[in-house]
Amino acid sequence: MIIDFHTHTFPSFLADRAIYTLGHNGRIKNYIKGTNDSLISSMNESHVDYSILLPVATKPTQTENINQTAIAINEFSEETGLISFGGIHPDNENPKKIIKDLAHNGVKGIKLHPIFQRTYIDDIKYLHIIEYACENDMIILIHAGYDITIPLYNYANISHILTMLDTLQPKNMILAHMGGWGCSSQVEGTLLGRDVYFDTALSLLRLKPAPNTKRRPEEAPPLSRERFLRFVKKHGASKILFGTDCPWDSQKNVIQFIKDSGLSDKDTSAILGDNAARLLKL
Ligand SMILES: [Zn+2]
């Protein structure tokens, strides 16, 4: 089974504008249109069984709509292969109720994005959210490291992540982007081996620069094959999840990179889907 643990889609009426703005700010080019249909086509082409959608509430007022959409999408997961996580903003007034409602409606996890939500990951508001999510047996996926669209913000850098981990020791937590986008040396020195999952999103291949940009995208260099293998060995293949950040990377290309990287068949299957299936209880 192949499960892409890190994808984004937008409602059809919004997709063009969202992709344009994010691509422009990050100076990267999308691989697919960013709608649910375009993701399903990519999954069919790349033999991906499930993709996890990770919506982000950039304002507290967006949470309700995001979560209604997530619940509606999840009604058809068996047919579409799309499983949506819920969203929550650190400034939402009743995080306990929001998380309880999500869990009650069968939503398996939440996505937190400290940079888009302008809050340090070890802020008390996030600590409460993470605690409630753990109490409800939910998966917590966190954007870790810097963000390509706002490269200077350090709300999710390694020192703050370590404080959060040391304070809560959460289970079922995923740090996106191999533990921290643009922070791989620090990740290697501090996070490898800890009891936390990483996803591979935007970490293995060079990003496609947006057309007509003279400047290169502010990209952190992707992990080389050797470095990826070292990360897998030191961290443990059972704690790495295939993820693409589709539409910003290609499901087909990332799967090929993992298959060609020289891992054993067992580790390859674990990373491409077995770990995710276990975590999602599929
Ligand atoms: Zn993402």
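See above for the structure.
Residues numbered from 1 in each chain as written. Predicted model: local features only at pLDDT ≥ 70, side-chain atom pairs only at ≥ 80, totals over all residues.

1. A short note on the sheet that holds strand β7 (residues 173-175)
Pairing is parallel in the open sheet, where six strands are placed in the order β4-β5-β6-β7-β8-β9. Looking at which strands have only one partner, the edges of the open sheet turn out to be β4 (86-87) and β9 (240-241). The sheet contact formed by strand β6 (residues 139-142) and β7 spans three bridges and is parallel. Across the sheet, residue Ile142 finds its bridge partner in β7, namely Leu175. (Pairing = 2+ DSSP bridges. Helix = DSSP H or I, 4+ residues; strand = E, 2+ residues; numbered from the N terminus.)

2. Remarks on helix α7 (residues 158-168)
Where α7 is concerned, the buried positions are Ile158, Ile161, Met164 and Leu165. In an axial view of α7, the angular spread of the buried residues amounts to 120 degrees, which keeps them on one side of the axis. Summarising the contacts, the buried residues of α7 are in contact with α6 (124-135), β7 and α8 (184-190). Positive phi appears at Gln169, one or two residues downstream of α7, with a value of about 40 degrees. (Buried ≥ 20, exposed ≤ 12 C-beta atoms within 10 Å, placed from the backbone. Arc of directions from axis to C-beta. Contact = placed C-beta atoms within 7 Å.)

3. Looking at unusual backbone geometry
Here the residue pair Cys246 and Pro247 is connected by a cis peptide bond, since its omega of 20 degrees sits within 30 degrees of zero. Within the secondary structure, Pro247 sits in the loop between β9 and α10 (251-260).

4. Brief notes about the packing of α6 against α7
Axis separation between α6 and α7 bottoms out at 11 Å; the angle between their running directions is 45 degrees. Relative to α7, α6 is oriented oblique. Every pair of crossing elements has a handedness; the one defined by α6 and α7 is right-handed. Contacts between α6 and α7 pair Tyr126, Leu127, Ile130 and Glu131 from the former with Met164, Thr167 and Leu168 from the latter. Of the residues contributing to the contact of α6 with α7, the split by class is five nonpolar, one polar and one charged. (Axes fitted to C-alpha atoms, helices over the stretch in contact; angles between N-to-C directions. Parallel < 35°, antiparallel > 145°, perpendicular 65-115°, else oblique. Left-handed = near helix turned anticlockwise from the far one by under 90°. Nonpolar A, V, L, I, M, F, W, Y, C, P; charged D, E, K, R; others polar.)

5. Focus on the nonpolar core
A general feature of soluble globular proteins is that nonpolar side chains tend to end up buried together. Ranked by size, the top nonpolar core spans 80 residues in total, and within it Ile140, Ile142, Ile174 and Leu175 carry the most contacts. A total of five residues in this core trace back to one element, the largest contributor, which is α6. The contacts of Leu175, once residues within four sequence positions are left out, are Ile142, Ala144, Ile161, Gly180, Val196 and Phe198. (Core = buried A, V, L, I, M, F, W, Y, C linked by C-beta atoms within 7 Å.)

6. Let's talk about the pairing of β6
Burial along β6 is two-sided: the residues Ile139 and Leu141 and Ile140 and Ile142 are all buried. As defined by bridge partners, strand β5 (residues 109-112) adjoins β6 across four bridges and the pair is classed as parallel. Pairing of Lys111 across the sheet is with Leu141, part of β6. Crossover β5 to β6 through α6 is right-handed. Handedness of the β6-α7-β7 crossover: right-handed. (Right-handed = clockwise from strand over helix to strand, strands pointing away.)

7. Examining the pairing of strand β1 (residues 3-7)
Of all the five residues making up β1, five are buried; the element is thus mostly covered by neighbouring parts of the structure. Note that β1 and strand β2 (residues 50-53) share three bridges and pair parallel. Opposite Thr7, over in β2, you have Leu53 as the bridge partner.

8. Re the environment of Lys281
Here Lys281 is to be found in the segment after α11 (265-280). Judged by C-beta crowding, with 8 C-beta atoms within 10 Å, Lys281 ranks as exposed. For the pair Lys281 and Pro95, spaced 186 residues apart in sequence, the C-alpha separation works out to 24 Å.

9. Thoughts on the packing of α10 against α11
The angle between the axes and the distance between the axes are what describe a pair of packed helices. Between α10 and α11, whose axes approach to 9 Å, the crossing angle comes to 155 degrees. Between α10 and α11, the interaxial angle falls into the category roughly antiparallel. Like other packed secondary-structure pairs, α10 and α11 cross with a definite hand, here right-handed. Contacts between α10 and α11 involve Ile255, Ile258 and Lys259 from the former and Thr268, Ile271 and Leu272 from the latter. Tallied by class, residues from the contact of α10 with α11 come to four nonpolar, one polar and one charged.

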